[in-house]
Amino acid sequence: MVRERILIAGLGLIGGSLAKAFNKCGYEIHAYDVNKTAVEKAIYEGIVKEKIENLDETEDEYAFTFICVPVLESIPILGKLASKIKNGIITDVGSTKTQICKYSIEHKIKNFIGGHPMAGTEKIGYEHSFDALFNGAYYFITPTEINRKEDIEKLKKLLQSIGCKVEEIDFELHDKITAVISHLPHVVSAGLVNMLNSSEIYCKFAGGGFKDITRISSSSPKMWADISVSNKNTLLELIESYIELLKNFKLSLQNQNYNEIYSYFEKAKLIRDKIVSDGK
Ligand SMILES: NC(=O)c1ccc[n+]([C@@H]2O[C@H](COP(=O)([O-])OP(=O)(O)OC[C@H]3O[C@@H](n4cnc5c(N)ncnc54)[C@H](O)[C@@H]3O)[C@@H](O)[C@H]2O)c1
Ligand SMILES: O=C(O)C(=O)C[C@]1(C(=O)O)C=C[C@@H](O)C=C1
């Protein structure tokens, strides 16, 4: 029986995890990456069937194509792939959606549907990928007016088949939401680590609390620089709000207003406890 083919462009943590999940479901995976050793390892492991050397020579033979590279690299790759792939669905996994979706509209790429799994880790590269990464995770898709209904349904079904909870959302709203729950937290986490300035005494004694709140700072600098730049305006607004929030806390502390100080922590505890218990 002929297996449906999926092309993965960018075989790192996310591309590799998708490759492993789809391979398990019976798809034939072809992969492209500037890092040839990642693709070779995946072929050796039996996850990937074929290495694509040059995207300019891509055949129009894929039911689905996933672009899984850092967001600023994604648009040129979409441009190349869209000129080759006319039948199958092209999607991406980038953490920001406005730029790539606007590009697809401007260039009338009807078979492109933006996507973004709300699942990941702080690890980088194919060697850290695993097939269960998306199981039970929310997965945003950001269709636009140029997409065909049947393509949207096809992509949804594929993602559901690897355990994702698929949510359709407008691409600009997506970037506003993820700026709050993901992009600003990464900026803040990196800021807390940078506060240590590599000082030996701080690094030596940093304990569970510090490691918990800064786990995500071990993520890829390229990935986060790209995300920050591509969601610049929303992130700038949020940084202003966050500074305001810290200023208010500072004022409460300066005024020794115990009730306000208490409320700051109490409010956070209530919201955070609810997020955790709802997610169970
Ligand atoms: N890591 C996460 O938690 C997470 C979660 C959801 C979405 N994302 C998004 O997924 C995408 C990939 O992130 P990742 O975590 O897999 O990163 P990664 O660094 O693990 O993998 C990226 C892969 O892309 C390859 N690559 C980079 N530029 C390329 C290019 N121009 N052409 C071909 N290959 C190229 C790299 O060699 C690497 O193998 C990013 O857009 C990111 O925003 C990441
Ligand atoms: O768990 C982590 O390490 C992540 O940073 C994952 C995380 C997130 O911020 O929640 C990172 C970026 C994505 O676009 C989606 C998920």
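Residues numbered from 1 in each chain as written. Chains lettered and ligands numbered in written order. Predicted model: local features only at pLDDT ≥ 70, side-chain atom pairs only at ≥ 80, totals over all residues.

Under an unreviewed UniProt entry, the protein chain has the name Prephenate dehydrogenase and belongs to Caldicellulosiruptor owensensis. According to the UniProt record, the Sequence similarities (unreviewed entry) comment for the protein chain is "Belongs to the prephenate/arogenate dehydrogenase family." On record in UniProt, under Pathway (unreviewed entry), the comment for the protein chain is "Amino-acid biosynthesis; L-tyrosine biosynthesis; (4-hydroxyphenyl)pyruvate from prephenate (NAD(+) route): step 1/1." (UniProt positions renumbered as here; feature names shortened; annotations may be inferred.)

K.L.:
Which residues make up the site of ligand 1, and what are the values?
P.N.:
Taken together, 27 residues sit near ligand 1, with Gly10, Gly12, Ile14, Ser95 and Gly120 positioned nearest. Among the secondary structure elements, those contributing two or more residues to the shell around ligand 1 are helix 1 (13-24), helix 3 (71-82), strand 6 (112-117) and helix 9 (221-230). Per-element tally for the shell around ligand 1: the top contributor is helix 1, with 3 residues. Along the lines of polarity and charge, the residues of the shell around ligand 1 split into 14 nonpolar, 11 polar and 2 charged. Both domains that furnish three or more residues to the shell around ligand 1 are identified here as domain 1 (5-169) and domain 2 (174-278). (Near = placed C-beta within 6 Å. Helix = DSSP H or I, 4+ residues; strand = E, 2+ residues; numbered from the N terminus. Nonpolar A, V, L, I, M, F, W, Y, C, P; charged D, E, K, R; others polar. Domains from an automatic or database assignment.)

K.L.:
Before we move on, could you go through the sheet that holds strand 4 (residues 64-67) and cite the residues and values that matter?
P.N.:
To summarise the sheet geometry, strands pair through backbone hydrogen bonds and adopt either a parallel or an antiparallel arrangement. Taken in spatial order, the 8 strands of this open sheet run 3-2-1-4-5-6-7-8, and their pairing is mixed. Of all strands in the sheet, those with a lone pairing partner are strand 3 (50-51) and strand 8 (165-168), marking the two edges. In this structure, strand 1 (residues 5-9) lies alongside strand 4, joined through 4 bridges in parallel fashion. Bridge pairing in strand 4 links Ile8 to Phe66. Along the sheet, helix 3 makes contact with strand 1, strand 4, strand 5 (89-92) and strand 6, crossing strand 5 at roughly 175°. (Pairing = 2+ DSSP bridges. Contact = placed C-beta atoms within 7 Å. Axes fitted to C-alpha atoms, helices over the stretch in contact; angles between N-to-C directions.)

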